[in-house]
Amino acid sequence: MKMHFNRKHLVIPYGLFLVLFVIIPLGFIVYYAFTNGSTGSFSLANFIKFFASPTSLSTLLLSIGVALLTTAVCLLIAYPIAYILARSKFKKKSVLLMLFVLPMWINFVLRINALREFLDLIGLLDQAHLFNTILGMVYDFLPFMILPLYTTLIKLDKSMLEASADLGSHPVSTFAKVTLPLSMPGIVSGITMVFMPTMTNYVISDTLGLGHVTIIGKFIEECFGARSDWHLGSAIALVLLMIIFVSMLVSGGFKEEDNGSRGAGLW
Amino acid sequence: MSEKIIQLIDVYKEYDKNVAVENVTFYVKKGEFVTFLGPSGCGKTTTLRMIAGFEMPTGGQILLNGKDVTSIPPHKRPINTVFQRYALFPHLDVFDNVAFGLRNKKVKTTKTDKNGNKVEKLAKLSNQVIAQKVTDALKMVDLEGFEERNVTTLSGGQQQRVAIARAIVNEPEILLLDEPLGALDLKMRKDMQIELKELHKKLGMTFIYVTHDQEEALTMSDTVVVMKDGMIQQIGTPMDIYNEPKNVFVADFIGESNILSGIMVGKYKIKFLGHTFDCVDDFALNDHVDVVVRPEDIKMVDADDGMINGVVIDSIFKGMHYEMTVKVGKSELTIQSTKERKVGEMIGMNIQPDNIHIMAKEFTTNVYDGYITKNNTVVFGDGEFDADVTQLYPGSHLDEEGYLITKEGEQIDLTDVDVRVEVGLKDIDIDDITDELEETASAVGKIISIIYKGDHYQLIVRTEENEEDYVFDTEYLWNENDTVAISIPKDKIKLSLKAEVKK
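Residues numbered from 1 in each chain as written. Chains lettered and ligands numbered in written order. Predicted model: local features only at pLDDT ≥ 70, side-chain atom pairs only at ≥ 80, totals over all residues. Heavy atoms only, no water.

Let us now look at the overall build of chain B. Within chain B, the secondary structure is distributed over 9 helices and 35 strands. Here the C-alpha radius of gyration of chain B, 29 Å, is well above what a compact globule of 503 residues would show, namely 23 Å. Dimensions of chain B along its principal axes, counting C-alpha atoms only, are 105 × 65 × 45 Å. Within the span of chain B, comprising 503 residues, buried residues form 48% of the whole. When contacts within chain B are restricted to residue pairs at least 6 apart in sequence, those whose partners lie at least 24 apart make up 64%. (Helix = DSSP H or I, 4+ residues; strand = E, 2+ residues; numbered from the N terminus. Rg over C-alpha atoms; globule rule 2.2 N^0.38 Å. Buried < 20%, exposed > 50% of the residue type's maximum accessible area, 1.4 Å probe, protein only. Contact = heavy atoms within 4.5 Å.)

Structure (structure tokens):
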């Protein structure tokens, strides 16, 4: 018998990976979330526990707040940087871009601890826990906002801008009417790449907020660790998953056509 | 009709020291359909972009209705553009694309205020006015009912129409069209040519059109501006340009031509193809000139009945006519006729005096500024050539150390001496470039122009570094854009001193 190598067979390793590391763990989470800790029977008790507790709800709201603020600040800083980089006639602009992305290559725990030492040095560490947390988040996630914005802006057809000027638009109104709408895919993917992780990145809030800022990620960690309530932890994880899913639907989600704007085209 | 709507005075543009447009001066009359015609890289699009305001001239002036607009940004000019690849806004539907310019527009309106006084105010156009204008514009380009369509779902031809509607809806004083039909297929292009022409008549707007398609230029325009290498070659009506080309380039670029070398043998007498023809152009006696004869202007008669005889060596049926190649002596002529003559047949040919277009030869010799190196070679035209430097001093010779010894026995060091170098059109050879030649060749350049002149080709090879040109005649056919090595026989390089050398 002959072995026929088919291109379809290439899917096997990926399929195995998917089953082992995505579908089975997800199955566990769903199982734990909908079962009762003591009896193991189906129950919604975990969800009720989460939504009935003011502490857990306020943690969720705080997380959303921190994530929103981080995303907004990132966008405000990243857009001008990406715009100037994309527009500049400098020949080696990818080098400039790399300078902004370079911090990503350094271990993130190291970076955050360095920031912590710096804040300690200037005496801010114990003064403004929430500010420090957001500062750390922005510092950490800024490249994820710059990259997709830069790739959409660099692809923007210059003749669009000329057409707008030709039709009587002042440069400012060209920006509002043409550049901004056409860079929307980059903005959307930048937001998805910053908003989601900031909701759960408790290492930053722990290190820079000195335990005063508890975000939902920390809460989950506690459920699986100190409180050893895997059922509640799984339920919260599922709630988060739903929030991400809904926000992706709202923002237009991952469309085939903007794959290129997600940083893929850069390197 | 005689009002000058736009005027370019000595307009000059360079990018990174490369000249794109060189001292262009011309004007366009109100309501005219003017076409810039030329091969790619001739500066026609750059000129258009300077009129639109996207590019700032390096020097010179652009006047709009007599007012200097050279440094006014594009959004303040009453000029709209149809872009080469349309540049429609993909995030807007057809209606919003067309309405884009109108929404930026402010018009003067008089309003009565509380006290009953009339006040003049700048106001935006109302939505009804915009809607009406957009509908009218879409109707004009046959796109009624397309208002809500997404522009990305339209065909090329439809996008083209949206682009035109988007520009004309603003009622600009000048409409610029940058090769607007380039992306369409042949049939569609022909239809759009007629439609654009009609649109021009209907609107009475001034159209400035850019194309590299000579047929398009001749069919559509009132005036054609032929450009090459950033310079205007000829301005005239399509008829003028076709019938009275000013130089060999225009003759070769517009329509098909036979370009031959001739010599003036008397008043209104020119000799070429071994026969003396009557002509209507007057040049000095014994002048070497270029002669242009259109293929359809050569009339075939029976052998020995015409002014000249030739043998048909090729015949192709082209739908409307036959195109025959006829060998006369060493030259080949192209003839178009509705009657076919068989290959191998001997025929006679007549050419009427007013169909013989004579123009001064553009190039008679190559002239360069150069200098002599310490090895007694000469550097010019981006290359280093072996030359006979003793010709500078008749009767002189070189000693073993490379010094020049004159007839009188004086010793002269020629190192770094500036010389004027002349090379004849027949004295340059080229070879296909190889790795080895790249190292050893005197100079290397790219073929940028090939013009067939009856019995030979005239080539121009341009070097990359300083864009030095080598013009020469060759019997062999080369390909444009080929990179070649240039060689010149040592004894064909004529040198003369620019100044007396210190001894």
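In this section: the nonpolar core. Residue and element names in this part refer to chain B. Counting 39 residues, the largest nonpolar core has Ile6 and Ile208 as its most contacted members. Take this core: its biggest share by element is 5 residues, from strand β2 (residues 18-29). Ignoring anything within four residues of it in the chain, the contact list for Ile6 reads Phe26, Tyr27, Val28, Ile51, Ile62, Leu63, Leu64, Ile79, Ile174 and Ile208. In terms of nonpolar packing, the next biggest core, distinct from the first, is built from 37 residues, Phe33, Leu102, Phe146 and Leu154 among them. (Core = buried A, V, L, I, M, F, W, Y, C linked by side-chain atoms within 4.5 Å.)

Here we take up the packing of aromatic side chains. Throughout the structure, instances matching the rule amount to 23 aromatic pairs over all chains. Ring centres 5.6 Å apart and planes at 70 degrees place the aromatic pair Tyr31 of chain A and Tyr32 of chain A in the edge-to-face group. Owing to a relative accessible area of 23%, Tyr32 of chain A belongs among the partly exposed residues under this scheme. Three or more aromatic residues joined by ring pairs form one cluster here, namely Tyr31, Tyr32, Phe224 and Trp230 of chain A. Against the face of Phe100 of chain B rests Lys177 of chain A, its NZ or CZ located 5.1 Å from the ring centre. (Phe/Tyr/Trp six-rings, centres within 6.5 Å; stacked < 30°, edge-to-face > 60°. Lys NZ or Arg CZ within 6 Å of the ring centre and 35° of its normal.)

Here we take up unusual backbone geometry. Residues and elements named next belong to chain B. Within the chain, Tyr86 stands out as a residue other than glycine whose phi angle is a positive 70 degrees. Its relative accessible area of 6% is what places Tyr86 among the buried residues. For Glu171, which is not glycine, the phi dihedral falls at a positive 45 degrees. Residue position: Glu171 is located in the loop between α4 (156-168) and β9 (174-178).

The next thing to look at is the interface of chain B and chain A. The interface is formed by 18 residues belonging to chain B together with 17 residues belonging to chain A. For the pair chain B and chain A, the two sides together bury roughly 1600 Å², of which 61% comes from carbon and sulfur. Where chain B touches chain A, the interface holds 1 salt bridge. The closest approach of N and O atoms between Glu162 of chain A and Arg49 of chain B, which form a salt bridge, is 2.5 Å. Our enumeration of links across chain B and chain A arrives at 8 residue pairs in polar contact (both at pLDDT 80 or more). Elements with a contribution of two residues or more to the side of chain B that touches chain A: β6 (79-82) and α2 (94-104) of chain B. (Buried area = accessible area lost by both parts, 1.4 Å probe. Salt bridge = Lys/Arg side-chain N within 4 Å of Asp/Glu carboxyl O. Polar contact = N/O pair within 3.5 Å; in protein donor to acceptor, adjacent residues only side chain to side chain.)

If you check the domain split of chain B, you get domain 1 (4-243), domain 2 (256-360) and domain 3 (365-497). For domain 1 of chain B versus domain 2 of chain B, the distance between C-alpha centres works out to 42 Å. (Domains from an automatic or database assignment.)

Residue and element names in this part refer to chain B. The terminal C-alpha atoms of helix α5 (residues 186-203), which comprises 18 residues, lie 25 Å apart, in line with the 26 Å expected from a rise of 1.5 Å per residue. For α5, the set of buried residues is Arg189, Met192, Gln193, Leu196, Leu199 and His200. Taken down its axis, α5 places every buried residue within 135 degrees of arc, on the same side. Exposed and oriented more than 90 degrees from the buried face of α5 are Lys187, Ile194, Lys201 and Lys202. (Expected span 1.5 Å × (residues − 1). Arc of directions from axis to C-beta.)

The next thing to look at is the sheet that holds strand β14 (residues 269-272) of chain B. All names here are of chain B. In spatial order, the strands read β15-β14-β13-β16-β22; together these 5 strands make up an open sheet with antiparallel pairing. Because the sheet does not close on itself, it has two edges, and the strands there are β15 (275-278) and β22 (357-360). Sheet twist, expressed as the average angle between the axes of neighbouring strands with direction ignored, equals 40 degrees. Relative to β15, β14 runs antiparallel, the two sharing 4 bridges. Bridge assignment links Ile270 to a residue of β15, and that residue is Phe277. (Pairing = 2+ DSSP bridges. Axes fitted to C-alpha atoms, helices over the stretch in contact; angles between N-to-C directions.)

A few words on a negative patch on the surface. On the surface, Asp435, Glu436, Glu438 and Glu439 of chain B cluster together into a negatively charged patch. Mapped onto the elements, Glu438 of chain B comes out in helix α9 (residues 435-440). (Patch = residues over 30% accessible without salt bridge, like charges linked within 9 Å, V, L, I, M, F, W, Y side chains within 5 Å. Areas by Shrake-Rupley, 256 points an atom, 1.4 Å probe, with all protein chains shown as cover. Lys, Arg positive; Asp, Glu negative; His and termini not counted. Charge placed at Lys NZ, Arg CZ, Asp CG, Glu CD.)

So, about the pairing of strand β18 (residues 308-317) of chain B. All names here are of chain B. Inspection of the sheet shows β18 paired to strand β21 (residues 346-351) by 4 bridges, in the antiparallel sense. Bridging from a neighbouring strand, Asn309 pairs with Gly348 of β21. Relative to strand β19 (residues 322-328), β18 runs antiparallel, the two sharing 6 bridges. The residue of β19 that forms the bridge with Ile316 is Glu323. Taken together, β18 and the strand that follows it, β19, pair antiparallel across an intervening segment of 4 residues, in which Gly319 is found at a positive phi of about 90 degrees.

This brings us to the pattern of salt bridges. For the coordinates displayed, the defined rule picks out 26 salt bridges over all chains. The partner of Lys218 of chain A in a salt bridge is Glu221 of chain A, with the nearest N and O atoms 3.5 Å apart. Of this pair, Lys218 of chain A and Glu221 of chain A both sit in helix α11 (residues 216-224), 3 residues apart, which is roughly one turn of that helix. We note a salt bridge from Asp96 of chain B to Arg103 of chain B, for which the minimum N-O separation is 3.0 Å. Note on Asp96 of chain B: relative accessible area 22%, which makes it partly exposed. Arg103 of chain B gets classed as partly exposed once you look at its relative accessible area, which sits at 31%. The structure contains a network of salt bridges with shared partners spanning Glu162 of chain A together with Lys13, Arg49 and Glu55 of chain B.

As a further point, take helix α1 (residues 44-52) of chain B. All names here are of chain B. Counted residue by residue, α1 has 8 buried out of 9 residues, so it is predominantly covered. Taken residue by residue, α1 has Lys44, Thr46, Thr47, Leu48, Arg49, Met50, Ile51 and Ala52 as its buried positions. Residue Gly53 follows α1 closely and has a positive phi angle near 100 degrees.

A few words on the environment of Lys446 of chain B. Residues and elements named next belong to chain B. Mapped onto the elements of the fold, Lys446 is located in strand β31 (residues 443-452). On a C-alpha basis, the gap between Lys446 and Ala284 in space is 35 Å, while along the polypeptide they are 162 residues apart. Lys446 has contacts with Ile460, Val461, Arg462, Asn481, Asp482 and Thr483, leaving out every residue within four places of it along the chain.

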